[in-house]
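Spelled out from the first residue to the last, the chains are:
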Amino acid sequence: MNRHLLSIADLSKEEAISLLDTAAELARVTETPVKKLPTLRGRTIVNLFFEDSTRTRISFEAAAKRLSADVINFSVKGSSLSKGESLKDTALTLQAMGADGVVIRHPASGAAHRLASQKWMSGSVINAGDGTHEHPTQALLDAFTIRENLKERSGDLMGLNVAIVGDVLHSRVARSNVLLLQKLGAKVTLIAPPTLLPVAVNSWGCNVKYDFDSDLNSFDVVMMLRVQRERMEDAFFPSEREYARRYGLNAARLAQLNSRCIVMHPGPMNRGLEISADSADSDKSVIVDQVKNGVAVRMAALYLLLGGE
Amino acid sequence: MSRNFLLKNLKDPSGRPLELAIANSRFMTVKDAAPDSEIIDGNGLTAIPGLVDLHTHLREPGKEDAETVLSGSRAAVAGGFTAISAMPNTNPIADTAGVVEQVFRLGISHGICDVFPIGAVTLGQQGKILSEMGAMHSSEAKVRIFSDDGHCVWDSLVMRRALEYVKAFDGVIAQHAEDPRLTHGSQMNEGEVSAALGLKGWPAAAEESIIARDLLLNEHVGSRLHICHLTTAGGVELIRWAKNRGIQVTAEVTPHHLLLTDDLARSYDPVYKVNPPLRTERDVMALREGVADGTIDVIATDHAPHPAEDKDCEWAAAAFGIIGLETALSVSYKALVESGLMKLEDLVERMSGAPARIGRYEGHGSLAIGNEANFTLVDTAANWRVETLEIRSKSKNSPYLGLELPVKVRRTYLRGKEVFSQ
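Just so we're clear, the structure is a prediction, and the values are computed from it rather than from any experiment.

**Here we look at the overall build of chain A**
Scanning chain A from terminus to terminus reveals ten helices and nine strands. The C-alpha atoms of chain A give 19 Å as radius of gyration, which agrees with the globular expectation for 309 residues (19 Å, within 12%). Considering only C-alpha atoms, chain A reaches an extent of 55 × 45 × 35 Å along its principal axes. Here chain A holds 309 residues, and 50% of them are scored as buried. Excluding contacts between residues fewer than 6 apart, the proportion of contacts in chain A whose partners are at least 24 apart in sequence is 77%.

And the structure:
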């Protein structure tokens, strides 16, 4: 495995599966009374968050602590574009403090790449979400969750039909998932209003649909994306009501899904907008599993990136 | 001031043997050369008229850490330019006679190359109220080119009036074609690469729709319209269409848009972040064709210096711009002459003759007898590597660092005075 985890594109299929297998083993540890391994004892991992994301940060923090690493949380207020400390100076600071690994969440696409490719610091970089580019550990935990539920907990995702629904254009979760799901052999269908798809989406090798009602029973997985309410101000869609009606997962659509289909959402959810409460809380929903699996998958990523030395 | 001298053993841009006699700062025939002329060996170099840049950001006044008139002039002559055009997006903005005269006088006092200020079309480049273009024209700087470069004159009525107004003094409006509503927050060309990188896209249509509108406006009012830094295949087609239709328009392209594509953004290295953005291979090929067939009149650098900290950061936080004065001839030669599309003499026309005519820069753009002796000697056989330490511009934001390029500028002369040699 590479020294950094910046993009799903950098992982081979074998590496991705091996990471999921490692996560499965580590998940067992978290089910024992003493949820801790000594693997990363003495190593320092910094959670460098330029965006508020409590759920992702605590997931990484729990993962690192269960591997006995020392964890430093470094939150930088305001966006990178405000005149605060530059990414470079922050990186130099972390280098001086001896960080072995940096988990970075940043509003600018490519920020994790910059951190890894410049000679500002020498530690491993894990991308915990960069702008509208990628969120690789989210895709890995999603793949893990799908595998747990539909694939006997092993191997790839060959033959599965996955729908990703909503604001694909602005979603780092969607970009990472498209890459990983296809790598693992799943068939991906993107369902969104045309305004919320990249103009060059046909280069992604996915099916693209504008209609959420046809062939609903053909999907094994329906993954809903968070939609930001502000989007309508830029004329991406007319109103929340129309969005919910055309692209929300409501009770009527839920009823049309096939019996083994699972419903996913990366959180945080806008209940009533992209997903109705009864869908989020139904027995098809694996949303809480996703959160739980996040810790195991992030443990695996930290272990494989930092543990081998 | 200038010596009288006779340069022997030269070639002209088409490769024929050439001797140049210079007396009283002007070219004269060899047989009329002054008897006291010093004889200088040209070492077989190629003599070309001094290059003329219609699009230079010199950053003075206001951002002297990035560039000054002095450092920009030094970079210019090292790149073979004897005339450059200072864009008005300084601080204060060059929207009054006072500012353009200040920049003009700095150029004169340095005496390295001619600096022709471009005036802002609108007050503060805000796109609302016309700046006092007449006063800038009547000033010592004799401004003829007006541009809100960096911003588009996007209000159709203001653009129409600007085109009409400058007819009174043979002015030209140089448009930065970019519909601001379609490019708010945009980071790079909108296409396959932006989709993969999650960087906000900049559609070709944002550029082309303004070009199309301005062509139609100018067909109606019959002024002089110049389109800055064309980047798209569609833009080339529009200009070609307009010229066939008899609409008065000239167009420019930058060297970087003739060589580089948006694929380079995959590195997330902001040295490739530029406004307008790098486009696709197809666009690059169409732009080259456009220069070769004369649809595009001019190659202009859009030399845009930025201090290190404005590029040593994440993509979205970085400034737009690429420096280009010192590499323009080499990069254009690589894109157009080495590729077999053009001859050197035609390239020189795009980089010297045509821009001098558009700007009405008398004394530039030609080796003709009687003309001011503004010229450059280049070695077309030499290759060189672009190195940070060699760059004379105060800023080093060049995408060509480490790259091997053809054609080396050896000497540059302004009115017979040697202003650069290597």
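**Quick look at helix H1 (residues 13–29) of chain A**
Think of an α-helix as turning once every 3.6 residues; residues three or four places apart then point the same way. Residues and elements named next belong to chain A. Taking 1.5 Å per residue as the helical rise, H1 with its 17 residues ought to reach 24 Å, and the 25 Å between its terminal C-alpha atoms agrees with that figure. Of the positions making up H1, those classed as buried are Ala 16, Leu 19, Leu 20, Ala 23 and Leu 26. Seen end-on, H1 carries its buried residues on one side only, within an arc spanning 125°. For H1, the exposed residues lying more than 90 degrees away from the buried face are Glu 14, Glu 25 and Arg 28.

**Re the interface of chain A and chain B**
Of the residues lining the interface, 22 residues belong to chain A; the matching set on chain B comes to 16 residues. Broken down by secondary-structure element, the contributors of at least two residues to the side of chain A that touches chain B are helix H3 (87–97), helix H4 (111–117) and helix H6 (172–183) of chain A. Looking at the side of chain A that touches chain B element by element, the count peaks at three residues for H4 of chain A. For the side of chain A that touches chain B, a count of residues per class yields eight nonpolar, ten polar and four charged.

**Details of the sheet that holds strand E7 (residues 207–209) of chain A**
Residues and elements named next belong to chain A. An order of E7-E6-E5-E8-E9 is seen for the five strands of this open sheet, with the pairing classed as parallel. Looking at which strands have only one partner, the edges of the open sheet turn out to be E7 and strand E9 (262–264). Taking the axes of each pair of neighbouring strands and ignoring which way they run, one obtains an average angle of 20° across the sheet. Pairing geometry for strand E5 (residues 161–165) and strand E8 (residues 221–224), over four bridges, is parallel. Counterpart to Val 162 in the pairing with E8 is Val 221. In the packing of helix H5 (residues 136–150) onto the sheet, the strands contacted are E8 and E9, and the crossing angle to E9 comes to about 165°.

**Re the pairing of strand E10 (residues 172–175) of chain B**
Residues and elements named next belong to chain B. The side-chain alternation of E10 yields two buried faces, one formed by Val 172 and Ala 174 and the other by Ile 173 and Gln 175. Relative to E10, strand E9 (residues 145–146) is paired through two bridges, and the arrangement is parallel. What sits directly across from Ile 145, in E10, is Val 172. In this region the chain leaves E9, passes through helix H4 (residues 156–165) and returns to the parallel neighbour E10; the handedness of that crossover is right-handed. Across three bridges, the pairing between E10 and strand E13 (residues 225–227) is parallel. Each bridged residue has a counterpart across the sheet, and for Ala 174 the counterpart in E13 is His 226.

**So, the domain arrangement of chain A**
Residues and elements named next belong to chain A. Each assigned domain of chain A is listed with its residue range as follows: domain 1 (8–134 + 291–306) and domain 2 (136–290). Taken together, the contact between domain 1 and domain 2 spans 25 residues of the former and 25 residues of the latter. Broken down by secondary-structure element, the contributors of at least two residues to the side of domain 1 that touches domain 2 are H1, strand E4 (124–130) and helix H10 (287–306). Here the side of domain 1 that touches domain 2 is composed, by residue class, of twelve nonpolar, seven polar and six charged.

**Focus: the nonpolar core**
Residues and elements named next belong to chain A. By size, the foremost hydrophobic cluster in this structure holds 231 residues, and its most contacted members are Val 165, Val 222 and Leu 302. At eleven residues, the largest contribution of residues to this core is made by H10. Here this core gathers at least three residues from each of two domains, domain 1 (8–134 + 291–306) and domain 2 (136–290). Beyond its immediate chain neighbours, meaning those up to four positions away, Val 165 contacts Ile 191, Ala 192, Phe 212, Val 222, Met 223, Met 224, Leu 225 and Tyr 247.

**Remarks on the packing of H1 of chain A against H10 of chain A**
Residue and element names in this part refer to chain A. Look at H1 against H10: their axes get within 8 Å of each other, and the N-to-C directions meet at 115°. By crossing handedness, the relation of H1 to H10 is classed as right-handed. For the pair H1 and H10, the contacting residues are Leu 19, Thr 22, Ala 23, Leu 26 and Ala 27 in the first and Ala 296, Val 297, Met 299, Ala 300, Ala 301, Tyr 303 and Leu 304 in the second.

**Notes on unusual backbone geometry**
Residue Pro 268 of chain A is reached from Gly 267 of chain A by a cis peptide bond, and omega for that bond is -10°. Secondary-structure assignment places Pro 268 of chain A in the loop between E9 and helix H9 (277–280). Look at the link from Asn 91 of chain B to Pro 92 of chain B: it is a cis peptide, with omega at 5°. Tracing the chain through its elements places Pro 92 of chain B in the loop between strand E7 (81–86) and helix H2 (97–110). For Ser 68 of chain A, which is not glycine, the phi dihedral falls at a positive 70°. You can see Ser 68 of chain A is positioned in the loop between helix H2 (54–66) and strand E2 (70–75). According to the C-beta neighbour criterion, Ser 68 of chain A is partly exposed, with 14 such atoms within 10 Å. Of note in the backbone geometry, Arg 59 of chain B takes a positive phi value of approximately 65° without being a glycine. Here Arg 59 of chain B shows up in the loop between strand E6 (51–56) and helix H1 (69–78). Classification of Arg 59 of chain B as buried rests on a count of 27 C-beta atoms within 10 Å.

**Some thoughts on the sheet that holds strand E3 (residues 101–106) of chain A**
Sheet strands pair via backbone hydrogen bonds, and the direction of the pair is either parallel or antiparallel. Residues and elements named next belong to chain A. As summarised here, the arrangement of the four strands in space is E2-E1-E3-E4, forming an open sheet in which the pairing is parallel. Looking at strand neighbours, the two that pair on one side only are E2 and E4, the edges of this open sheet. Sheet twist, expressed as the average angle between the axes of neighbouring strands with direction ignored, equals 15°. Note that strand E1 (residues 44–49) and E2 share six bridges and pair parallel. Each residue of the ladder has a partner; that of Phe 49, found in E2, is Ser 75.

**A few points about the confidence of the model for chain B**
Summing up the model confidence of chain B, the mean pLDDT is 97 and the portion of residues at 70 or higher is 100%. Among the prediction metrics, the complex's ipTM stands at 0.93, with pTM recorded as 0.95.

**Looking at H6 of chain A**
All names here are of chain A. Its twelve residues place the ends of H6 17 Å apart at the C-alpha level, agreeing with the 16 Å of an ideal helix rising 1.5 Å per residue. Burial analysis of H6 places eleven of its twelve residues in the buried class, which makes it a mostly covered element. Within H6 the residues assigned to the buried category are Arg 172, Val 173, Ala 174, Arg 175, Ser 176, Asn 177, Val 178, Leu 179, Leu 180, Leu 181 and Lys 183. Close packing links the buried residues of H6 with H1, E4, H5, E5, strand E6 (187–191) and E8. Gly 185, located one to two residues past H6, shows a positive phi value of around 95°.

**Here we look at the environment of Pro 117 of chain B**
With respect to the helices and strands, the residue Pro 117 of chain B is situated in strand E8 (residues 114–117). Put simply, Pro 117 of chain B and Arg 415 of chain B are 298 residues apart on the chain and 19 Å apart in space, counted from C-alpha to C-alpha.

The rules behind each value
- Residues numbered from 1 in each chain as written.
- Chains lettered and ligands numbered in written order.
- Predicted model: local features only at pLDDT ≥ 70, side-chain atom pairs only at ≥ 80, totals over all residues.
- Helix = DSSP H or I, 4+ residues; strand = E, 2+ residues; numbered from the N terminus.
- Rg over C-alpha atoms; globule rule 2.2 N^0.38 Å.
- Buried ≥ 20, exposed ≤ 12 C-beta atoms within 10 Å, placed from the backbone.
- Contact = placed C-beta atoms within 7 Å.
- Expected span 1.5 Å × (residues − 1).
- Arc of directions from axis to C-beta.
- Nonpolar A, V, L, I, M, F, W, Y, C, P; charged D, E, K, R; others polar.
- Pairing = 2+ DSSP bridges.
- Axes fitted to C-alpha atoms, helices over the stretch in contact; angles between N-to-C directions.
- Right-handed = clockwise from strand over helix to strand, strands pointing away.
- Domains from an automatic or database assignment.
- Core = buried A, V, L, I, M, F, W, Y, C linked by C-beta atoms within 7 Å.
- Left-handed = near helix turned anticlockwise from the far one by under 90°.
- pLDDT = per-residue confidence, 0-100.

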